[in-house]
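Report on the structure
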Amino acid sequence: SSVPPPFVRSLESAFHRMSTLTSSPLPTSPTSNGGPWSFLFSKKGILASTLPGVNLTVRGDSIMPLPPLQVFQTVINVFSKEKYDNQMSTGSRLTTYNPHTFVDYLKFKPVWPTSSRDFVNIVSWKVEEGVITIVAVEFKDDLMCPKIRGNVRGECLIG
């Protein structure tokens, strides 16, 4: 089926923003220049930085000793997320618009003193010039997935 027009625009904007966010290298230490990024930490092979601004933006870069296809299939498979994310409670695919675009529901365990968080995201991916880009943005459709009492509905600006 076809992706609803408001979500097409939202995804196009997310792909553009993701391209902008990942176009510059991260700083490798607190004193190195990372363009707009500020060094956060380097631990266990992950280089993490944050982008100053209104919305919390964190980026982590790492080289993974795995085939790219395996990483890609793991990231887009909402059903396997529970196996590697111990904060994940449940995940489900609510609808599939096409092989590249779908809506996922994710519920995370509560961490005291907060309530469980859940997210409804429209996820899409594409390949350009040999680079796979995956984006997730908030899916605002409470009819497809009504808010659940006791959960706090999280907002994903871009993931």
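The structure we're discussing is the one just above.
Remember, it's a predicted structure, so these values are computed and weren't measured experimentally. (Residues numbered from 1 in each chain as written. Predicted model: local features only at pLDDT ≥ 70, side-chain atom pairs only at ≥ 80, totals over all residues. Heavy atoms only, no water.)

Considerations on the sheet that holds strand β3 (residues 57-61)
Heads up, the condition is: DSSP calls a pair of strands paired once it identifies at least 2 bridges connecting them. Only DSSP runs of H or I with at least four residues qualify as helices, and only runs of E with at least two residues qualify as strands; both kinds are numbered from the N terminus onward. Convention adopted: a line fitted to C-alpha atoms gives each axis, helices being fitted over their contacting stretch, and angles between N-to-C directions are expressed from 0 to 180 degrees.
If you walk across this open sheet you meet the 3 strands as β1-β2-β3, and the pairing is antiparallel. Edge strands, defined here as strands with exactly one partner in the open sheet, are β1 (38-43) and β3. Each strand of the sheet is rotated relative to its neighbour by a mean of 20°, with strand direction disregarded. Direction of pairing for strand β2 (residues 46-51) relative to β3: antiparallel, over a ladder of 5 bridges. Across the sheet, Leu51 pairs through a bridge with Thr57, a residue of β3.

Topic: the packing of aromatic side chains
The test is simple: Ring geometry is summarised as follows: Phe, Tyr and Trp rings, the Trp one being its six-membered ring, pair when their centres sit within 6.5 Å, and such pairs are stacked at plane angles under 30 degrees, edge-to-face over 60 and tilted between the two. For the exposure calls, accessible area comes from a 1.4 Å probe over protein chains only, and a residue counts as buried if that area is under 20% of its type's maximum, exposed if over 50%, partly exposed in between.
Under the criterion given, the structure shown has 3 aromatic pairs. Aromatic side chains Phe7 and Phe139 sit 4.4 Å apart centroid to centroid with 25° between the ring planes, which places their arrangement in the stacked category. One end of the pair, Phe7, is in helix α1 (residues 5-21); the other, Phe139, is in the loop between β7 (131-138) and β8 (151-153), with 132 residues separating them in the sequence. Summarising the burial analysis for this pair, Phe7 and Phe139 share the class buried. Centroid distance Phe72 to Trp125: 4.7 Å. Interplanar angle 70°. Geometry classified as edge-to-face. Of this pair, Phe72 sits in helix α2 (residues 68-76) while Trp125 sits in strand β6 (residues 116-128), and the two are 53 residues apart along the sequence.

Comments concerning the pattern of salt bridges
Counted only if it meets this: Think of a salt bridge as a Lys or Arg side-chain nitrogen and an Asp or Glu carboxyl oxygen that are within 4 Å of each other.
Following the criterion strictly, the structure yields 5 salt bridges and no others. Arg93 is paired through a salt bridge with Asp104; the nearest N and O atoms lie 2.7 Å apart. With a gap of 11 residues between them, Arg93 in strand β4 (residues 88-98) and Asp104 in strand β5 (residues 101-108) connect regions that are remote in the sequence. Across the pair Arg153 and Asp118 runs a salt bridge whose closest N-O atoms are separated by 2.9 Å. Pair noted here: Arg153 is in strand β8 and Asp118 is in strand β6, with a separation of 35 residues, a long-range link.

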